[in-house]
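Descriptive analysis of the structure
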Amino acid sequence: MISSLSQATISRKEAMESLVITNSSGAVVPTMSISRLFPALLECFGIILCGYVAGRVNIINSTEAKGLGNFVSMFALPGLLFQNMVVLDFAHINWIFVCSILVAKVAVFITVCILTLLIASPESRFGKAGLFPIFATQSNDFALGYPIVEALYRDKCPEYLQYIYLLAPISLLLLNPIGFIFCEIQKWKQDLNIQQSKLKSVAIVLFQVFKNPIVFMVIIGICGNFIFHQKIPMIIEEFLDGLASSFSGSALFYLGLTMVGQITKLKKSSVLAIILLITAKLLVLPLISREMVELLDNGNTEANYTSLSNFAFLYGVFPTAPSVAIYASQYNMEIEIVSPGMVINTFVSAPIMYVSAWLLTVPSMDAEVLQSAIQDVSFDLSIVTLFFSDLDSSCHAIE
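Residues numbered from 1 in each chain as written. Predicted model: local features only at pLDDT ≥ 70, side-chain atom pairs only at ≥ 80, totals over all residues. Heavy atoms only, no water.

1. Notes on the overall build of the protein chain
The secondary structure content of the protein chain amounts to 16 helices and 2 strands. Taking all 399 residues of the protein chain together, the buried fraction comes to 48%. Pairs at least 24 apart in sequence give 84% of the contacts found in the protein chain among residues at least 6 apart. If you sum the accessible surface of the protein chain, you get close to 19,400 Å²; carbon and sulfur atoms cover 68% of it. (Helix = DSSP H or I, 4+ residues; strand = E, 2+ residues; numbered from the N terminus. Buried < 20%, exposed > 50% of the residue type's maximum accessible area, 1.4 Å probe, protein only. Contact = heavy atoms within 4.5 Å. Areas by Shrake-Rupley, 256 points an atom, 1.4 Å probe, with all protein chains shown as cover.)

2. Regarding a nonpolar patch on the surface
A cluster of nonpolar side chains, contributed by Leu173, Leu174, Val202, Leu206, Phe210 and Ile219, occupies part of the molecular surface with about 500 Å² of accessible area. At the level of secondary structure, the elements contributing two or more residues to the nonpolar patch comprise helix 7 (161-190) and helix 8 (198-210). The element best represented in the nonpolar patch is helix 8, accounting for 3 residues. (Patch = residues over 30% accessible without salt bridge, like charges linked within 9 Å, V, L, I, M, F, W, Y side chains within 5 Å. Salt bridge = Lys/Arg side-chain N within 4 Å of Asp/Glu carboxyl O.)

3. With respect to the confidence of the model for the protein chain
Within the protein chain, residue pLDDT values average 80, and 78% of them lie at 70 or more. For the stretch residues 395-399, pLDDT sits under 50, and the model shows 0 contacts to residues farther than four places along the chain or on other chains. (pLDDT = per-residue confidence, 0-100.)

4. Focus on the side chain of lysine 128
For lysine 128, the location among the structural elements is in helix 5 (residues 125-137). In this structure, lysine 128 is in contact with Thr116, Ala120, Pro133 and Glu334, ignoring residues within four places of it in sequence.

5. Some thoughts on the environment of asparagine 140
The topology assignment puts asparagine 140 in the loop between helix 5 and helix 6 (141-153). Taking the C-alpha atoms as reference points, asparagine 140 and serine 323, separated by 183 residues in sequence, lie 8.7 Å from one another.

6. Things to note about the nonpolar core
Residues Phe97, Phe142 and Ile148 are the most contacted members of the largest nonpolar core, which totals 101 residues. Looking at this core element by element, the count peaks at 12 residues for helix 7. Filtering out sequence-adjacent residues up to four positions away, isoleucine 148 remains in contact with Leu37, Ala40, Leu41, Cys44, Phe318 and Met353. (Core = buried A, V, L, I, M, F, W, Y, C linked by side-chain atoms within 4.5 Å.)

7. Observations concerning the pattern of salt bridges
Pairs can form between side chains of opposite charge once their charged atoms are near each other. Under the counting rule described, the total for this entry stands at 1 salt bridge. Residue glutamate 294 is joined to arginine 290 by a salt bridge in which the shortest nitrogen-to-oxygen separation is 3.5 Å. Note that glutamate 294 and arginine 290 are positioned in helix 12 (residues 271-296) at a spacing of 4 residues, about one turn of the helix.

8. What about the environment of glutamate 159?
Here glutamate 159 lies in the loop between helix 6 and helix 7. When its relative accessible area of 34% is taken as the criterion, glutamate 159 is described as partly exposed. Between the C-alpha atoms of glutamate 159 and isoleucine 93, which are 66 residues apart in sequence, the distance is 8.4 Å.

9. A few points about the packing of helix 5 against helix 7
The contact between helix 5 and helix 7 brings their axes to 7 Å, and the two run at 160°. Relative to helix 7, helix 5 is oriented roughly antiparallel. As helix 5 runs across helix 7, the sense of the crossing is left-handed. Along its contact with helix 5, which presents Arg125, Phe126, Gly127, Ala129, Gly130, Leu131, Ile134 and Thr137, the element helix 7 presents Ser171, Leu175, Asn176, Gly179, Phe180, Phe182, Cys183, Ile185, Gln186 and Lys189. Split by residue class, the contact of helix 5 with helix 7 holds 9 nonpolar, 7 polar and 2 charged. (Axes fitted to C-alpha atoms, helices over the stretch in contact; angles between N-to-C directions. Parallel < 35°, antiparallel > 145°, perpendicular 65-115°, else oblique. Left-handed = near helix turned anticlockwise from the far one by under 90°. Nonpolar A, V, L, I, M, F, W, Y, C, P; charged D, E, K, R; others polar.)

10. Looking at helix 2 (residues 37-56)
Owing to its 3.6 residues per turn, the α-helix aligns residues three or four sequence positions apart on the same side. For helix 2, with 20 residues, the first-to-last C-alpha span of 28 Å sits near the 28 Å given by 1.5 Å per residue. Burial in helix 2 covers these residues: Leu37, Phe38, Ala40, Leu41, Cys44, Phe45, Ile48, Gly51, Ala54 and Gly55. Within two residues after helix 2, asparagine 58 carries a phi angle of roughly 65°, on the positive side. (Expected span 1.5 Å × (residues − 1).)

11. Considering the side chain of threonine 320
Its place among the elements puts threonine 320 in the loop between helix 13 (302-316) and helix 14 (323-331). At 2.9 Å, the side chain of threonine 320 forms a polar contact with the backbone oxygen of phenylalanine 135. Once residues lying within four places of it in the same chain are set aside, the contact partners of threonine 320 are Phe135, Gln138, Asn140, Lys281, Met342, Asn345 and Thr346. (Polar contact = N/O pair within 3.5 Å; in protein donor to acceptor, adjacent residues only side chain to side chain.)

12. A word on helix 7
When the terminal C-alpha atoms of helix 7 are compared, their 43 Å separation across 30 residues agrees well with the 44 Å that a helix rising 1.5 Å per residue should span. Where helix 7 bends most, at leucine 175, the angle is about 45°, and the proline proline 177 comes one to four residues later. Burial within helix 7 is extensive, with 21 of its 30 residues counted as buried. (Bend = angle between axes of the 7 residues up to and from the residue.)

13. Re the packing of aromatic side chains
Inspection of the entire model under this criterion finds 18 aromatic pairs. On the basis of an interplanar angle of 20° and a centroid distance of 6.3 Å, the ring pair of phenylalanine 71 and phenylalanine 75 is categorised as stacked. With phenylalanine 71 and phenylalanine 75 both in helix 3 (residues 62-87), this residue pair falls 4 residues apart, about one helical turn. By the ring-pair criterion, three or more aromatic residues cluster together here, those being Phe97, Tyr153, Tyr160, Tyr163 and Phe311. (Phe/Tyr/Trp six-rings, centres within 6.5 Å; stacked < 30°, edge-to-face > 60°.)

Structural data, given as structure tokens:
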């Protein structure tokens with residue numbers, strides 16, 4: 001009986017792996033490897049949970065966590081970025097897709113900023129108008145987004161991975177500086193004794209942008225792309241491979257460490273703001289991103305832009321980057337909203353990503369494959385439910 005059950009499970013997985021989806025016109029649509037989504041989410045959030053537990057029980061203290069964070073941001077991530085930017089083939093980039101994501105992020109950023117300026121109390125208006133739009137538009141592209149995209153598109157559409165490296169700088173170079181300027185204005189309003197010229201404030205904002213390793217290494221990587229003609233020199237290839245391969249696990253583990261103690265900052269007065277920000281990030285941004293791709297990229301083949309619009313929606317569901325909580329701490333503004341909001345946003349994004357990927361794929365599935373898919377989803381949900389029910393029972397037993 002066990003062998004027959006295993007055989008049935010394998011056959012369903014093989015059916016999903018070999019799935020070929022066609023749209024209403026009969027064109028073949030590039031698809032996600034949907035059967036790999038649940039294992040990828042389990043891997044990512046499992047490592048995050050390990051990091052959180054390690055920090056919670058003080059296996060790794062705050063000093064050690066800071067050291068790991070420095071390694072991830074100053075060595076592993078720059079190595080990964082440089083390696084991939086050097087070999088990036090700009091000739092095969094769909095720039096209309098990139099512009100569509102840019103338009104979507106700008107639209108959400110401006111909307112959140114204007115609404116915050118209109119609704120927020122005068123004494124904290126500009127600080128919120130600076131940090132809230134960043135919260136709603138800056139995604140955790142590398143630590144969490146890249147492993148998910150790699151699992152879903154590695155076989156069917158491997159070129160989608162390169163968009164992660166191009167989309168991340170949109171927020172860092174174009175949108176975040178606007179938010180930082182609002183935060184600087186808030187500092188002036190809070191302390192009228194600060195004698196600081198506008199030129200110096202702009203210089204501070206620009207320095208904060210370009211000291212970010214993502215921005216710096218993207219620029220250096222683009223230069224290397226033209227200098228080395230999309231070929232990494234052999235003398236540094238193995239070195240970069242080592243740094244790049246160390247990024248994923250350490251970044252997810254560090255993400256878990258950064259979540260320790262953040263929920264304790266949550267206040268009742270902050271709940272509504274957090275709900276609205278999470279809605280903007282996980283629902284509004286994905287929908288606008290998908291619509292922008294379908295609107296601006298309709299000159300592409302129907303099959304291709306359908307796949308790209310689905311990818312745009314999935315990209316929008318990636319949770320907020322933990323660096324937003326760092327910005328709030330640096331400016332000492334809205335920490336009680338941004339920090340717990342980042343944690344809640346990250347864990348809420350997991351089921352939304354899972355459900356969204358299935359809903360985007362279901363309309364084009366054959367009835368037989370759809371039935372197999374529903375069985376797989378039921379099995380995956382059963383595992384999660386069983387795990388949390390056991391966890392809840394253990395907690396009650398301890399109490």
